[in-house]
Amino acid sequence: MPIEASCHCGETVFEVTEAPSNLTRCTCSLCAKRGALWAYYTPAQFRLLSPAENVATYLWGSRTVKHHFCAACGCGTYSESPDWSSGKPDFDNPKVAVNARLFDDFDLEAVPVNMIDGKNLW
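Residues numbered from 1 in each chain as written. Predicted model: local features only at pLDDT ≥ 70, side-chain atom pairs only at ≥ 80, totals over all residues. Heavy atoms only, no water.

The chain appears in an unreviewed UniProt entry as GFA family protein from Bradyrhizobium xenonodulans. In the Sequence similarities (unreviewed entry) part of its UniProt record, the chain is described as follows: "Belongs to the Gfa family." (UniProt positions renumbered as here; feature names shortened; annotations may be inferred.)

Engineer: Describe in detail the packing of aromatic side chains, supporting the description with residues and values.
Structural biologist: Inspection of the entire model under this criterion finds four aromatic pairs. Ring geometry for Phe46 versus Tyr78: centroids 4.6 Å apart, planes at 40°, classification tilted. One end of the pair, Phe46, is in strand β5 (residues 46-48); the other, Tyr78, is in strand β8 (residues 76-83), with 32 residues separating them in the sequence. You can call Tyr78 buried: its relative accessible area is 5%. Between Phe103 and Phe106 the ring centres are 5.4 Å apart and the planes differ by 80°, which places this aromatic pair in the edge-to-face class. Residue Phe103 is classed as buried on the basis of its relative accessible area of 7%. Among the aromatic residues, those joined into a cluster by ring pairs are Phe14, Phe46 and Tyr78. (Phe/Tyr/Trp six-rings, centres within 6.5 Å; stacked < 30°, edge-to-face > 60°. Helix = DSSP H or I, 4+ residues; strand = E, 2+ residues; numbered from the N terminus. Buried < 20%, exposed > 50% of the residue type's maximum accessible area, 1.4 Å probe, protein only.)

Engineer: Any details on unusual backbone geometry? Residues and values, ideally.
Structural biologist: A positive phi angle, near 60°, is found at Arg63, a position not held by glycine. Take Arg63: it is sitting in the loop between β6 (55-59) and β7 (66-70). In this structure, Asp105 takes a positive phi of about 55° despite not being glycine. Among the secondary structure elements, Asp105 is positioned in the loop between β9 (90-99) and β10 (113-116). A residue is classified by how much of its surface remains accessible, and Asp105, at 84% relative accessible area, is exposed.

Engineer: Could you give an account of the sheet that holds β5, with specific residues and numbers?
Structural biologist: Strand order across the open sheet formed by three strands is β1-β2-β5, with antiparallel pairing between neighbours. The open sheet is flanked by β1 (3-6) and β5, the only strands paired with a single partner. Between one strand axis and the next, the sheet turns by 20° as a mean value, whatever way the strands run. Alignment of strand β2 (residues 13-16) against β5, held across three bridges, turns out to be antiparallel. Residue pairing for β5: Val16 is matched across the bridge by Phe46. (Pairing = 2+ DSSP bridges. Axes fitted to C-alpha atoms, helices over the stretch in contact; angles between N-to-C directions.)

Engineer: Tell me what's going on with the side chain of Ser6, and back it up with residues and numbers.
Structural biologist: By the element assignment, Ser6 lies in strand β1. Polar side-chain contacts of Ser6 include one of 3.2 Å to the side chain of Asp104. Setting aside residues no more than four positions away along its own chain, Ser6 makes contact with Thr12, Val13, Leu102 and Asp104. (Polar contact = N/O pair within 3.5 Å; in protein donor to acceptor, adjacent residues only side chain to side chain. Contact = heavy atoms within 4.5 Å.)

So, in structure tokens, the structure goes:
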């Protein structure tokens, strides 16, 4: 069952194909300041429902990860990146990390949260 998500103003809307089995809280400077809880999907499991021009992009550090946010209200919405599970970027297996705090009508408290110590890892 798809889950829809939206930014604060409603100008950026997306959906994912299913509920996340877990969430990730990263302590790196960007994630900590965004306050996001990340749910990871393949590109096929993600669909932007609003016009692409409603989304702005921030590239930081290695400029490998596209951090998207609503161009109107500034809410951090989703990021596109290679798979980093091996410690190196795997561009053949891209991931979409969505800010699960934006899910509409979804109980985040029911999903376990893992922490990544991004503050000290990168």
